[in-house]
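Structural description and commentary
The primary structure of each chain is shown beneath.
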Amino acid sequence: MVAKYPKRVTFKNENFGSSPLAERFGVQRYPAVFVDDVLIARPRDFGYFGEGEKDGRYTPWVKNPQNQAKFRADLDRMIDLVLAGRKDEVSRERADTSGQPDQIEALPNFTLTDLSGHPLSQDQVAGRVVMVEFWATWCPPCRSTLAWLGELKQKYGDNLAILALAVESPEDEVRATAGSLSPEIRWAISDGKTARAFGDVVAVPTMLLFDRSGKTVRALYGAPPDLHQEAEKTLDALVK
């Protein structure tokens, strides 16, 4: 996209958690796309699953060339408008009026079947601290996090329930990955309904932490260098 506008457009990448623009607009997840200081696409616009008119502009995103082409066309048009001095028009068009929060308030009700064939639901983890990790087999950073989850389970034992939910991944590859890692983690493949119940999954890895009452305590996105340290700091305070 930038190559189309030599010396007129530059690309800037800001890490999640350290973006002044994201903080200014209250964006709590990633990815988010700005043209100048205009937010043109929020995280929920890129969800993996979509069923109706209320879904994000480009959902489902993964494996959907039509939606990816739509985003590129929209971005191209927004850049042209800003370069033409029509930034206000872009701001009005992309004003976010959905009112949907970026983060869910509590552990939602859900029903899945784990890879062992057993039911997996919110009721089964009630009363414990819960960690939910959304991941995918095609996500390299997910692998190191998944291996570390087994260490967490050994550290916290039955005080912590860990659910590793795969999205947009072939079942045989999910089973192969899970089979090489800790059997004490509850492994399952998420369907669209479950992913949306958790606020929709827009990027992997996505980690959500809930206290014993089911309240959302923290959400961690991506695989920053301090991910494990920050998660364990939170868990130490929750698991007492």
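Scroll up a little and you will see the structure.
What this report covers is the structure whose coordinates are included nearby.

With that settled, the discussion passes to the overall build of the protein. Looking only at helices and strands, one finds seven helices and nine strands in the protein. Whereas a compact globule of 240 residues would reach a radius of gyration of roughly 18 Å, the protein reaches 19 Å, a difference of no more than 12%. Principal axes of the C-alpha set define a box for the protein whose edges measure 60 × 35 × 30 Å. The 240 residues of the protein split such that 48% are buried.

Quick look at the state of the cysteines now. Per the counting criterion, the structure on display carries one disulfide. Note on cysteine connectivity: C139 is disulfide-linked to C142, with sulfurs 2.4 Å apart. When the S-S torsion is 85°, as for the bridge of C139 with C142, the disulfide is right-handed.

The subject of this paragraph is helix α2 (residues 65–83). The end-to-end C-alpha separation of α2 is 27 Å, in line with the 27 Å expected for 19 residues at 1.5 Å each. Within α2 the residues assigned to the buried category are N67, F71, D74, L75, D76, M78, I79, L81 and V82. Buried residues along α2 sit against β1 (33–35), β2 (38–41) and α3 (87–93). Directly after α2, the chain includes G85, whose backbone phi takes a positive value near 80°.

It is worth spelling out the sheet that holds strand β8 (residues 206–210) at this point. Two orientations exist for strands paired in a sheet by backbone hydrogen bonds: parallel and antiparallel. Within the open sheet, the five strands sit side by side as β7-β6-β5-β8-β9. Their pairing is mixed. Because the sheet does not close on itself, it has two edges, and the strands there are β7 (186–189) and β9 (216–221). The sheet shows a mean angle of 15° between the axes of neighbouring strands, direction not considered. As judged from the four bridges shared by strand β6 (residues 160–166) and β7, these two strands associate in the parallel manner. Note on β7: the bridge partner recorded for A166 is I189. Relative to the sheet, helix α5 (residues 171–179) contacts β5 (129–135), β6 and β7, its axis offset from that of β7 by approximately 170°.

Quick look at the pattern of salt bridges now. Applying the stated criterion to the full structure yields 15 salt bridges. Across the salt bridge formed by D37 and K87, the nearest N and O atoms sit 3.4 Å from each other. Of this pair, D37 sits in the loop between β1 and β2 while K87 sits in helix α3, placing them 50 residues apart in sequence. With a closest N to O distance of 3.3 Å, K233 and E230 form a salt bridge. Taken together, the residues K233 and E230, both in helix α7 (residues 227–238) and three residues apart, mark about one turn of the helix. Bridged by salt links that share partners, the residues R24, D36, D37 and K87 form one connected network.

Calculation notes
Residues numbered from 1 in each chain as written. Predicted model: local features only at pLDDT ≥ 70, side-chain atom pairs only at ≥ 80, totals over all residues. Heavy atoms only, no water. Helix = DSSP H or I, 4+ residues; strand = E, 2+ residues; numbered from the N terminus. Rg over C-alpha atoms; globule rule 2.2 N^0.38 Å. Buried < 20%, exposed > 50% of the residue type's maximum accessible area, 1.4 Å probe, protein only. Disulfide = S-S within 2.5 Å. Expected span 1.5 Å × (residues − 1). Contact = heavy atoms within 4.5 Å. Pairing = 2+ DSSP bridges. Axes fitted to C-alpha atoms, helices over the stretch in contact; angles between N-to-C directions. Salt bridge = Lys/Arg side-chain N within 4 Å of Asp/Glu carboxyl O.

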